[in-house]
Amino acid sequence: MTERTPLLNYRLSASVNESERQSPQAGHAAEQQHPRGPRHRSDNEGQSRKLSTFFGVVIPTLLSMFSVVVFLRIGFVVGQCGLYQTFGMFLVAYVIISLTVLSICAISTNGALDAGGAYYMISRALGPEFGGSIGLMFFLANICGSALYVLGLVEAVLATFGIPEDGIITNHYQVLNSGYWWALLYGTGIALLCLVVCLVGANIYAKATFLIFIVVMVVLLTIFISFFAVTPRVVQLPAEATLNPSGNGTLGPITANFTGFKLDTLMGNLWADYTRDYTTGTMMTFATVFAVMFNGCTGIMAGSNMSGDLKNPSYSIPRGTITAVIFTFIIYNLLCVLEACSCDRLLLQKDYSFLRDINIWGPFVTIGVYLSTLSAAMSNMIGASRILYALARDDLFGKVLSPAKKTSHSGNPWMSVLLSWFLVQLVLFSGKLNTIASIVTIFFLLVYAAVDLACLALEWASAPNFRPTFRYFTWHTCVLGIVGCAVMMFLINPIYASASIAFMLLLLLLIHYLSPTSSWGYISQALIFHQVRKYLLMLDVRKDHVKFWRPQILLMVANPRSSVGLITFINDIKKSGLYVLGHIQLGDLSTLPSDPLQSQYDSWLSLVDHLNIKAFVNLTMADSVRHGVQHLLFISGLGGMRPNTLVLGFYDDCVPKDTLIDPTLSCSQSVDLSSPSHDIEGDSPPFHFAPLRGTSDKLGQSADGKALSPQEYVAIIADAMKMCKNVVLARGFNEFVRAEALPAQLFSQAKSVVFIDVWPVNLLRPDSCSYVDTCSLFLLQLACVLNMVRAWRKATIRLFLCVEEGRSVQGAEQKLGHLLKELRIKAQVYPVPWDQQAALHWQRQGDFNNTSRLSDEYLTAVNQLVLDQARPPPAVRFLYLPRPPADTRRYASYLHQLELLTRDLGPTLLIHGVTPVITTDL
C-alpha cells in the first residue's frame with residue numbers, strides 16, 4: 001500500500017469469538033445448576049477450546065495493534081511531532097489503553113469467561129441494556145472496519161499494480177484496470193476470501209493469522225536490519241508531495257535523504273515541526289497527529305474476544321494482552337528512535353512509504369502492508385459474526401436476529417458469518433470510507449470505556465463474588481481509563497463522539513423497554529444496595545424533626561383482590577414516604593416442611609408493578625393476626641425508615657369484591673390476573689392470590705376459615721397506639737376509583753369540583769370541641785398531604801366546624817381560619833350547628849373515655865349530619881378516630897359505634913394521630 005491511502009490512518013481492532021452450542025434458555029438454566037461456570041458447555045464446545053495464550057491472544061492482539069500503522073505512519077508521527085513529543089504521545093496513549101487492559105484482565109479473571117469477548121463482559125456486568133447497545137455498536141464497528149480494510153487493501157494493490165487514470169504505464173507490472181466498478185470487483189473478491197476463511201471456522205483463521213504473523217515479523221526484522229545495512233541514499237519523493245503547499249502550481253523539493261545514523265539528523269528531528277499532510281492538504285496539529293497515532297495503539301481486545309476459543313481464558317487473556325501491549329510499545333519506540341536518527345525531516349514528512357525505499361528488499365514492506373491489512377479485514381469480519389451470534393443467542397432484539405443463531409456441526413455460526421459478509425459487501429458499495437473511519441475508532445473507544453465502566457461498577461458495588469485473581473487495578477484506574485477514552489473520542493472528532501454516545505443511549509432505552517428480563521443479574525441493583533445501605537446508616541432517628549415529618553405507612557392487606565382501591569389511594573397519601581404492604585398468614589412454621597411465604601413474594605411484587613405503586617412488601621407468619629401485626633410494626637423498615645402509621649381496613653359485614661377482575665371497580669387492567677396464562681411484565685409470574693370467601697376476608701384469615709374477631713381487631717388498634725403509631729381505619733374503598741383517575745374524571749364534568757371533607761372534631765365526644773389537639777392536627781396534615789399530590793391538586797379541602805348554640809360562630813371560624821393560615825393549609829371552613837345531635841347525647845358526666853354511653857340514636861343522627869353536609873359528595877372523608885376504651889370488654893361496643901358513625905359515608909378514613917406532625921416554625 002502506498003502513502004496515498006489516508007483511510008489507513010485509522011486502526012480498527014479485531015474481535016473474534018467462538019460461539020456456544022446452546023440456546024440462551026438452556027444457558028440460563030445451566031447458570032443455576034452448574035457451579036463451575038455460568039453455562040454448561042457441550043462436548044463439542046469443549047473440544048473447540050484449543051487455542052493457547054500465544055495463538056489465541058498474543059498473535060491476534062499484535063496483528064490488530066500493528067496493522068499498517070507500523071509500516072506507513074510511524075515516520076509521519078516523528079516527522080510532524082519530533083522525537084520528544086512522539087515519546088510523550090506514545091506514553092499517554094499507552095497509559096490510556098493500559099488502564100483499559102487492567103479492567104479487561106480483572107473481569108476476565110473473575111470466574112468463567114464465556115464466548116462473546118467484550119460484549120459478554122459488558123452485558124454480564126452492566127446488564128442487557130448496556131451490553132446490548134455496546135454490543136450492537138461493536139458489531140457495526142467491526143462491519144465497517146472490515147470493509148475499511150478491504151478497501152484499503154484494494155487501494156494498496158491498485159497503487160502498485162493498477163493502471164493510472166491517465167493511462168500512462170510506467171512499470172511492466174501495472175496490469176490491473178482502475179475505476180469504481182473494478183475496485184468494487186476486487187473488494188468483493190477479497191471479501192469472499194475472508195468469507196471462506198470465516199466459514200471454515202476459527203481454527204483455520206488462527207492458522208492463517210499465525211502465517212501472517214510470521215511474515216509480518218520477518219518484514220519488521222528486515223526493517224530493523226535495513227537501518228544498519230543500507231547505505232545513505234537519496235529518496236525520490238511522491239509526485240503529490242512535491243507540489244508547493246501554497247497551491248500556486250510550483251514544485252517543492254523532489255528528493256529527500258536517508259542519512260544513516262548521524263547526530264545532526266537526530267538533532268533536527270527532536271522538536272515538533274507541523275506541516276500540511278500532503279495526502280489531504282490539512283494542516284497538522286498535535287491533536288490530529290495524536291488521533292492518527294492512537295489508532296495504531298487500539299486493538300487491545302482482539303485477544304479477549306477469542307475467549308470462546310481459549311483453553312483457559314482467565315489465564316491467557318491477562319498474560320497474552322499485557323505481553324502484546326508491552327511488545328508493541330517497545331517496537332514503536334525503537335522504530336521512532338531509528339527513524340529520527342537516520343531520516344531527515346523532509347523524508348519523514350513527505351514520504352509515508354519511505355520504509356519501502358530504504359529496505360534491503362523493497363517488496364518486503366509491500367507484502368507486510370498487504371498481509372496486515374488482509375488480517376485486519378478478516379479479523380473484523382469474523383469478530384462481527386461472533387458478536388452477532390452472541391447478540392442473537394441472548395435474544396436482546398427478539399426474533400429479528402433469530403436466524404443468526406444457526407451453527408454448523410462443529411459449532412461455527414455460519415449464518416452470522418454470512419450476514420456479516422453481506423453487510424460488509426453493502427458497505428463496500430460506498431467506495432470510500434474516509435468519512436466513517438473516525439467514528440469507527442470512536443465506537444471502539446466507547447467499548448473500551450464501557451469495559452472500564454463495568455469494572456468500576458463491580459468494584460464500587462463491593463459484591464462478595466467479585467474477586468478477580470488479577471488484582472493490579474483499583475477504581476482509580478477504571479475512572480482514569482474512562483476519562484482517557486472519553487478525551488480521545490472528543491479529540492478525534494467531537495461531533496462523531498457526541499453522536500455515538502447519543503446513539504448508544506438510544507439503543508439502551510430501546511433495549512430497556514423492549515427486551516425481556518434477563519437472568520444475568522443487574523449491577524445497578526448491587527450499586528443501589530451499596531448506596532442505600534450507606535445512606536440508611538447516615539439516617540439518624542435522633543435527628544428527626546417535625547418540620548421534616550412525612551407519613552411512613554404500613555397497610556395491612558388480607559387479600560389484594562378486595563383492596564386495590566385502598567392500596568392505590570394510600571400510595572397517593574404517603575408523600576414520598578415509606579410504604580409497606582403487610583400480610584399475615586396464620587400458621588406455625590414448626591409444623592410445616594418449608595416457609596410458605598417465600599413462594600408468595602413474586603405475586604406480591606408483581607402486584608406492586610401492575611398497580612404502579614411505590615411500595616415494599618413484608619409478609620409474616622404468626623399464630624394470630626394480632627401477633628402478626630405486632631411483628632410487622634416491630635420489624636418493618638430499617639434504621640430511620642420505619643412505619644409511623646398503621647392503616648387497617650374497616651371491620652364490617654360488607655361483602656368484598658374482586659377488583660383485580662372487575663374493571664368497573666378500579667382502574668386496574670380488565671383481565672383476570674389470577675389466570676395461570678396471564679403474565680405480568682413479560683417474564684414476571686402471574687398472581688396467585690386466593691379467591692375471596694365472603695366477609696371473612698378482612699385483616700387476616702386462617703387456613704380453616706376462622707375469621708378475625710371484633711375483639712382482636714380493636715386490640716390491634718390499641719396495640720398500635722401503645723407503640724406510638726398513628727392509626728387509620730379505611731372504610732368504603734371497595735368501590736373507590738383509582739386516585740389518579742378520579743380527579744381527571746370529575747374535573748372533566750362541567751362545573752364539577754372534587755372535595756376532600758375533614759371533620760377534625762371527635763364526634764364521639766360531643767362535649768369536646770377542640771380543633772387543636774394532636775389528632776385533629778394530624779387529620780389536617782394528611783388532608784393537606786393528599787391535596788399536594790399531583791392528581792389531587794385541583795381538589796378542594798372542606799373543613800367542617802361543629803358549633804353549639806351560645807358560642808360565637810364567627811369567633812370560632814376566625815380562630816380556625818387563623819390556625820389554617822399559620823399552618824399554610826388552604827381550606828374552606830363551613831360552620832355546622834349540631835345542637836340537635838348533641839342533645840341526643842344522654843349523659844355528659846362520668847368518665848369521658850367511656851364511649852359506651854353513646855346511644856345508637858345519637859350516632860345515627862351524627863352520621864346523617866355528615867351525610868347532609870356533603871353536597872356535592874366528597875371523594876373521601878377524614879374523620880376523627882377516638883382511642884379504644886381502656887376496658888377490653890367494651891371493644892365490641894366501640895367497634896359498633898364506629899360502624900354506625902361511618903355507615904354509607906363512602907370512602908372514609910378514621911384517623912388517630914399520636915405524634916405532632918405540624919409546626920409553624922420556619
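Sequence order as written defines the numbering, with residues in each chain counted from 1. For this predicted model, a pLDDT threshold of at least 70 governs which residues receive local features, and a threshold of 80 or more governs which side-chain atom pairs are given and counted, while totals over whole chains, interfaces and linings are taken from all residues. By convention in this description, side-chain values take in all heavy atoms of the structure and omit both hydrogens and water.

## Some words on the packing of helix α8 (residues 180-200) against helix α16 (residues 414-428)
(1) Moving on: α16 packs onto α8 with a crossing angle of 165° between their chain directions and a minimal axis gap of 10 Å. What the angle tells us is that α8 and α16 run roughly antiparallel. Considering only the axes of α8 and α16, their crossing is right-handed. Taken together, the residues of α16 that come into contact with α8 (itself represented by Leu 184, Gly 187, Thr 188, Ala 191, Leu 192, Leu 195, Cys 198 and Leu 199) are Trp 414, Val 417, Leu 418, Trp 421, Gln 425 and Leu 428.
(2) Moving on: When the residues that make up the contact of α8 with α16 are grouped by side-chain class, the tally is 11 nonpolar, 3 polar and no charged. Axis lines are fitted to C-alpha atoms, over the contacting stretch for helices. Their N-to-C directions set the angle, which ranges from 0 to 180 degrees. In this text, helices come from DSSP runs of H or I with a minimum length of four residues, and strands from runs of E with a minimum of two, each type numbered from the N-terminal end. Just so you know how the angles are binned, under 35 degrees is roughly parallel, over 145 roughly antiparallel, 65 to 115 roughly perpendicular, and the rest oblique. The hand of a helix crossing depends on one turn: near helix anticlockwise from the far one by less than a right angle means left-handed, and clockwise means right-handed. Contact definition: two residues touch when any of their heavy atoms are within 4.5 Å. Residues are grouped as follows: nonpolar covers Ala, Val, Leu, Ile, Met, Phe, Trp, Tyr, Cys and Pro; charged covers Asp, Glu, Lys and Arg; every other residue, Gly included, is treated as polar.

## Remarks on the sheet that holds strand β11 (residues 876-880)
(1) Moving on: Strand pairing is assigned whenever DSSP detects at least two bridges linking the two strands. If you trace the 10 strands from one edge of the open sheet to the other, you get β5-β4-β3-β6-β7-β12-β11-β8-β9-β10, paired in mixed fashion. Both outer strands of the open sheet, β5 (616-622) and β10 (828-833), are each paired with one neighbouring strand and no more. Across this sheet, the average inter-strand angle for adjacent strands is 25°, counted without regard to direction.
(2) Moving on: In this structure, strand β3 (residues 553-556) lies alongside strand β6 (residues 645-649), joined through 3 bridges in parallel fashion. Looking at the pairing, Ile 553 lines up with Thr 645 of β6.
(3) Moving on: Its contacts with the sheet put helix α26 (residues 774-788) on β6, β7 (726-731), β8 (755-759), β9 (796-803), β11 and β12 (908-912), and the angle it makes with β11 is roughly 165°.

## Things to note about a nonpolar patch on the surface
(1) Moving on: Without a salt bridge and with relative accessible area above 30%, a residue can belong to a patch; like charges are then joined within 9 Å and nonpolar side chains (Val, Leu, Ile, Met, Phe, Trp, Tyr) within 5 Å. Accessible surface is estimated by sampling points in the Shrake-Rupley manner with a 1.4 Å probe; for residues, cover comes only from the protein chains shown. By salt bridge we mean one thing: a side-chain nitrogen of Lys or Arg within 4 Å of a carboxyl oxygen of Asp or Glu. The grouping of Tyr 180, Trp 181, Phe 422, Leu 423, Leu 426 and Phe 429 at the surface amounts to a nonpolar patch, some 630 Å² of accessible area in total.
(2) Moving on: If you list the elements that add at least two residues to the nonpolar patch, you get α8 and α16.
(3) Moving on: If you tally residues by element for the nonpolar patch, the top one is α16, at 3 residues.
(4) Moving on: Mapped onto the elements of the fold, Phe 422 is located in helix α16.

## Notes on a positive patch on the surface
(1) Moving on: Two residue types count as positive, namely Lys and Arg, and two as negative, namely Asp and Glu; His and chain ends fall outside the count. A single reference atom marks each charge: NZ on Lys, CZ on Arg, CG on Asp, CD on Glu. Among the surface-exposed residues, Arg 550, Lys 575, Arg 790 and Arg 793 lie close enough to one another that they form a single positively charged patch.
(2) Moving on: Looking at where Arg 793 falls in the secondary structure, it is placed in the loop between α26 and β9.

## Side note on the nonpolar core
Nonpolar side chains in soluble globular proteins tend to be buried together.
(1) Moving on: Here, the term nonpolar core denotes a set of buried Ala, Val, Leu, Ile, Met, Phe, Trp, Tyr and Cys residues that are joined through side-chain atoms within 4.5 Å. The buried label applies to any residue whose accessible area, calculated with a 1.4 Å probe on protein chains only, is under 20% of its type's maximum; exposed applies above 50%, and partly exposed to all values in between. In terms of nonpolar packing, the biggest core is built from 163 residues, with Phe 71, Phe 227, Ile 300, Met 301 and Leu 335 touching the most fellow members.
(2) Moving on: The dominant element in this core, judged by the number of residues it contributes, is helix α5 (residues 74-108), at 18 residues.

## Some thoughts on unusual backbone geometry
(1) Moving on: Not every positive phi belongs to a glycine, and Asn 612 is a case in point at roughly 55°.
(2) Moving on: Its location among the elements puts Asn 612 in the loop between α22 (601-611) and β5.
(3) Moving on: Residues other than glycine seldom take positive phi values, yet Arg 824 does so here, at roughly 55°.
(4) Moving on: Counting through the fold element by element, Arg 824 comes out in the loop between α27 (809-822) and β10.

## A few points about the packing of helix α11 (residues 286-294) against helix α18 (residues 475-492)
(1) Moving on: The N-to-C vectors of α11 and α18 enclose an angle of 120°; their axes lie 9 Å apart at closest approach. At the point where α11 passes α18, the crossing takes the left-handed sense. Taking contact as the criterion, the partners of Ala 287, Phe 290, Ala 291 and Phe 294 in α11 are, on α18, Met 488, Leu 491 and Ile 492.
(2) Moving on: For the contact of α11 with α18, a count of residues per class yields 7 nonpolar, no polar and no charged.

## A word on the packing of aromatic side chains
(1) Moving on: Under the pairing criterion, centres of Phe, Tyr and Trp rings, with the six-membered ring standing for Trp, must be within 6.5 Å; the plane angle then separates stacked pairs below 30 degrees from edge-to-face pairs above 60, leaving the rest tilted. The tally for this structure, following the rule as stated, stands at 27 aromatic pairs.
(2) Moving on: Judged by centre distance (5.0 Å) and plane angle (85°), the rings of Trp 361 and Phe 364 are edge-to-face.
(3) Moving on: Note on Trp 361: relative accessible area 46%, which makes it partly exposed.
(4) Moving on: Judged by relative accessible area, Phe 364 falls into the partly exposed class, the value being 24%.
(5) Moving on: Here a set of aromatic residues connected by ring pairs shows up, and it is made of Phe 66, Phe 90, Tyr 94, Phe 327, Phe 329 and Tyr 332.
(6) Moving on: The rule is short: NZ of Lys or CZ of Arg within 6 Å of the ring centre and within 35 degrees of the ring normal puts a charge over the ring. The positively charged end of Lys 534 is found above the aromatic ring belonging to Tyr 535, 5.4 Å away from the centroid.
(7) Moving on: Over the ring of Phe 755 we find Arg 798; its NZ or CZ atom is 4.0 Å from the centre of that ring.

## A look at the state of the cysteines
(1) Moving on: Here, two cysteine sulfur atoms that lie within 2.5 Å of each other are counted as a disulfide. This model, assessed by the stated rule, comprises 0 disulfides.
(2) Moving on: In this model Cys 341 remains outside any disulfide bridge; the closest cysteine sulfur is found in Cys 343, 9.6 Å from its own.
(3) Moving on: Note on Cys 341: relative accessible area 14%, which makes it buried.

## Quick notes on helix α30 (residues 891-901)
(1) Moving on: Counting buried residues along α30, 8 of its 11 residues qualify, which places the element largely inside the surrounding structure.
(2) Moving on: Every buried residue of α30 is listed here: Tyr 891, Tyr 894, Leu 895, Gln 897, Leu 898, Glu 899, Leu 900 and Leu 901.

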